[in-house]
Amino acid sequence: QVQLVESGGGLVQAGGSLRLSCTASGGTFNRYTMNWFRQAPGKEREFVAGIGWSSGNTVYADSVKGRFTISRDNAKNTMYLQMNSLKPEDTAVYYCHTATYWGQGTQVTVSS
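Everything numeric here is computed off the predicted structure, so don't read it as measured data.

Q: I tried to follow the state of the cysteines on my own but got confused; where do I start?
A: In a disulfide, the sulfur atoms of two cysteines are held together by a covalent bond. Summed over the entire model, instances satisfying the criterion amount to 1 disulfide. A disulfide bridge connects Cys 22 with Cys 96, and the sulfur atoms are separated by 1.9 Å. Every disulfide takes its handedness from the sign of the S-S torsion; for Cys 22 and Cys 96 that torsion is -65°, giving left-handed. Of the two residues, Cys 22 is situated in strand 3 (residues 18-25) and Cys 96 in strand 9 (residues 92-98); the sequence distance between them amounts to 74 residues. The buried category is assigned to Cys 96, whose relative accessible area is 0%.

Structure below.
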């Protein structure tokens, strides 16, 4: 059974940093693009960042470009999202996604 488990969320003040992790189990995802999405209260889920299987290709939403960095360690089946210069508008549940699978989400709250 495939599972994606996110961790690293929490409460942080504006301007602070957090590092999210997503570990995959029950399958091999080395050849799949992996993505981060987020969903704020009352809003639709939106794309945050994606990374190709070789880590050479990354893409970011304009709203996080220059502040967030996506990376992956295929040997550990783990993807990361380093979030710096966090803003209150980054508050959301962050989800890991690959292929047809989603994680359960991890809450990120940024206080002003």
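Structure shown, so let's carry the discussion forward.
Q: Please explain the pairing of strand 8 (residues 78-83) as it appears in this structure.
A: Strand residues, when the strand is regular, have side chains that alternate between the two faces of the sheet. Buried residues dominate strand 8, accounting for 5 of its 6 residues. When strand 3 meets strand 8, the two strands line up antiparallel, connected through 6 bridges. By the bridge assignment for strand 8, Leu 18 is matched with Met 83. As paired strands, strand 7 (residues 68-73) and strand 8 are joined by 6 bridges and run antiparallel to one another. Bridge assignment links Asp 73 to a residue of strand 8, and that residue is Thr 78.

Q: Would you take a moment to explain the sheet that holds strand 7 for this structure?
A: Neighbouring strands of a sheet are bound in pairs by backbone hydrogen bonds; such pairs are parallel or else antiparallel. Spatially, 4 strands are ordered 1-3-8-7 in an open sheet, and the strand pairing comes out antiparallel. Strands at the two margins of the open sheet, each flanked by one partner only, are strand 1 (3-7) and strand 7. This sheet shows a mean twist of 15° between the axes of neighbouring strands, independent of strand direction.

Here is what the cut-offs are and how they apply
- Residues numbered from 1 in each chain as written.
- Predicted model: local features only at pLDDT ≥ 70, side-chain atom pairs only at ≥ 80, totals over all residues.
- Heavy atoms only, no water.
- Disulfide = S-S within 2.5 Å.
- Helix = DSSP H or I, 4+ residues; strand = E, 2+ residues; numbered from the N terminus.
- Buried < 20%, exposed > 50% of the residue type's maximum accessible area, 1.4 Å probe, protein only.
- Pairing = 2+ DSSP bridges.
- Axes fitted to C-alpha atoms, helices over the stretch in contact; angles between N-to-C directions.

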